[in-house]
Amino acid sequence: MIRKFSFLLISVGLLIVGYSAYQIFKTKTVQTNNLEKAHEILQRPEIDLEEFSPFTGDVVGILSIPRIEAELPIVEGTDADDLEKGVGHYKGTAWPLGNDQIVLSGHRDTVFRRMGELEIGDELIVKVPFGEFTYKIEGTRVVSADDLTVIKPTAPNEVLTVTTCYPFRYVGNAPDRYIITAIPVK
């Protein structure tokens, strides 16, 4: 009886580890493919901001973070399917040159694994079909997961807000959100 129970526990453990490994591999593959797609999009002739109107799920650009040597695909939308593809742009917020708040979100255990290493003054570079835009981190804070006050109009000032779950090493649904605020480098 103990032998059967031990075998059952080992089998369940192996299934959990195998499923987790599969999920990590799948997510990494999707993000790598989307990064390649983003590079292709950025090689095309530049368009105007007025011509730029992505649909939910579209790969639209790259978020480059020099300090942690990250290059991440940006996808329009922030639902679970979108965030599996890369960094999500919160639909309804601005894009660079929009003179309002830009919100980008990502999972702490995939694209934003190393966000805790960023410091005030570090740069975030948003590359989209109508240009490349550099922002300097001016602040960070932690808010409750249900605090939506971080998403608000900032017109006429352009502000890049980057969000992810917090604490970074938390297992399960994290209770808080880590917020980075960055302003354009002129």
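Heads up: the structure comes first, above all this text.
What counts, and where the lines are drawn
Residues numbered from 1 in each chain as written. Predicted model: local features only at pLDDT ≥ 70, side-chain atom pairs only at ≥ 80, totals over all residues. Heavy atoms only, no water. Helix = DSSP H or I, 4+ residues; strand = E, 2+ residues; numbered from the N terminus. Contact = heavy atoms within 4.5 Å. Polar contact = N/O pair within 3.5 Å; in protein donor to acceptor, adjacent residues only side chain to side chain. Buried < 20%, exposed > 50% of the residue type's maximum accessible area, 1.4 Å probe, protein only. Salt bridge = Lys/Arg side-chain N within 4 Å of Asp/Glu carboxyl O. Pairing = 2+ DSSP bridges. Axes fitted to C-alpha atoms, helices over the stretch in contact; angles between N-to-C directions.

> Explain the environment of H89 to me, and be specific about the residues and the numbers.
The topology assignment puts H89 in strand β3 (residues 87–89). With residues up to four places along the chain from it excluded, the contact list for H89 reads I74, V75, E76, G77, T78, A94, W95, I102, V103 and L104. Of note is the side chain of H89, whose polar atom sits 2.7 Å from the side chain of E76.

> Account for unusual backbone geometry, with residues named and values stated.
Residue A155 is joined to P156 through a cis peptide bond whose omega torsion reads 5°. With respect to the element layout, P156 can be found in the loop between β6 (131–144) and β7 (159–166). Going from Y166 to P167, the amide bond is cis rather than trans, its omega being 0°. Turning to its location among the elements, P167 is positioned in the loop between β7 and β8 (176–184). Positioned with a positive phi, E69 is a non-glycine residue whose angle comes to about 50°. What makes E69 exposed here is its relative accessible area of 76%. Positive phi is not limited to glycine here, since N99 has a value of about 50°. Relative to the assigned elements, N99 resides in the loop between β3 and β4 (101–105). Residue N99 is classed as partly exposed on the basis of its relative accessible area, which comes to 43%.

> I'd like to hear about the pattern of salt bridges, residue by residue, with values.
A complete count under the given rule lists 5 salt bridges for this structure. Across the pair R67 and D122 runs a salt bridge whose closest N-O atoms are separated by 2.5 Å. You can see R67 sitting in the loop between β1 (59–65) and β2 (70–76) and its partner D122 sitting in the loop between β4 and β5 (123–128), a full 55 residues away along the chain. A relative accessible area of 10% means that D122 is categorised as buried.

> For the sheet that holds β8, give the residues involved together with the corresponding values.
The strands that make up a sheet pair up through hydrogen bonds in the backbone, lying either parallel or antiparallel. Read around the barrel, 8 strands follow the order β1-β2-β3-β4-β7-β8-β6-β5 and close on themselves; strand pairing throughout is mixed. The sheet shows a mean angle of 30° between the axes of neighbouring strands, direction not considered. As paired elements, β1 and β5 share 3 bridges and run antiparallel to each other. Looking across to β5, one finds that S64 is bridged to I125.

> Explain the pairing of β1 to me, and be specific about the residues and the numbers.
Most of β1 sits out of view: 7 of its 7 residues are buried. Note: β1 against β2, 6 bridges, orientation antiparallel. Its bridge partner lying in β2, L63 is registered against L72.

> With reference to specific residues and values, describe the pairing of β6.
Strand direction decides the pairing type here: β5 and β6, joined by 6 bridges, are antiparallel. Opposite V128, over in β6, you have G131 as the bridge partner. Turn length for the β5-β6 hairpin, with the two strands adjacent in sequence and antiparallel, is 2 residues. Pairing between β6 and β8: 9 bridges, direction antiparallel. Its bridge partner being in β8, G139 is matched across the sheet by T181.

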